[in-house]
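Structure at a glance
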Amino acid sequence: MAKKKKEIVLTLVPGLNRENATRVLDAIKDTGNFFSMKQFWVNPDYLSCLSDQLFEKSFGAPKPACSTAACIAGWANSVAGTPLRDERAATEFLGLAFPAESEKLFRPRLERHKDKQYDLAHVTRAEAVDALERLIASGHIDWNDVADED
């Protein structure tokens, strides 16, 4: 049976703040930078003071274990110096519409990672860089997730 390409629908981002997106791109490209999801969800100074048990009691969930260079929302908040560090703040910084555009950029459900339960930790720094470069150049959210279907 012949395989066909899966159709990809690109999202146009008319309000994109290219200057801020470029700042985020530059931060992600610099491999000397490290970003942990723990810093995205919780102030890192506060986080280091909490035991796993106290964190769970305070936030109702275990400490996030994810460390990823591909967390575009986290990077955006880090670059912006946003104290709230949530997806809405990152969305505003990048000039995206919440949640239609931000969901596609911040939480890509990439076909190539579906066997890993779409965990953002499996998205690489290089993939995030590629997606941001395409967004800045074209104004479209495109994770270049071409997959074949049977």
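Fair warning: this is a prediction, and the values are worked out from it, not measured in the lab. (Residues numbered from 1 in each chain as written. Predicted model: local features only at pLDDT ≥ 70, side-chain atom pairs only at ≥ 80, totals over all residues. Heavy atoms only, no water.)

Time to look at the nonpolar core. Counting 30 residues, the largest nonpolar core has V24, I72, L94, L105, F106 and W143 as the members making the most contacts within it. Secondary structure elements with two or more residues in this core: α1 (18-29), α5 (72-80), α6 (87-94), α7 (100-106) and α8 (125-138). For this core, the element with the highest residue contribution is α8, accounting for 6 residues. Setting aside its immediate chain neighbours within four residues, I72 contacts V24, I28, L94, L105, F106, A128, L132 and W143. (Core = buried A, V, L, I, M, F, W, Y, C linked by side-chain atoms within 4.5 Å. Buried < 20%, exposed > 50% of the residue type's maximum accessible area, 1.4 Å probe, protein only. Helix = DSSP H or I, 4+ residues; strand = E, 2+ residues; numbered from the N terminus. Contact = heavy atoms within 4.5 Å.)

Structurally, T124 is set in the loop between α7 and α8. The partly exposed category is assigned to T124, whose relative accessible area is 38%. Placed 53 residues apart in sequence, T124 and C71 show a C-alpha to C-alpha distance of 9.4 Å.

Looking now at α8. With 14 residues, α8 ought to run about 20 Å at 1.5 Å a step, and its terminal C-alpha atoms sit 20 Å apart, in line with that. Within α8, burial applies to E127, A128, V129, A131, L132, L135 and I136. The elements touched by buried residues of α8 are α1, α5, α7 and β3 (140-141). Once α8 finishes, G139 follows within two positions and takes phi at roughly 80°, a positive value. (Expected span 1.5 Å × (residues − 1).)

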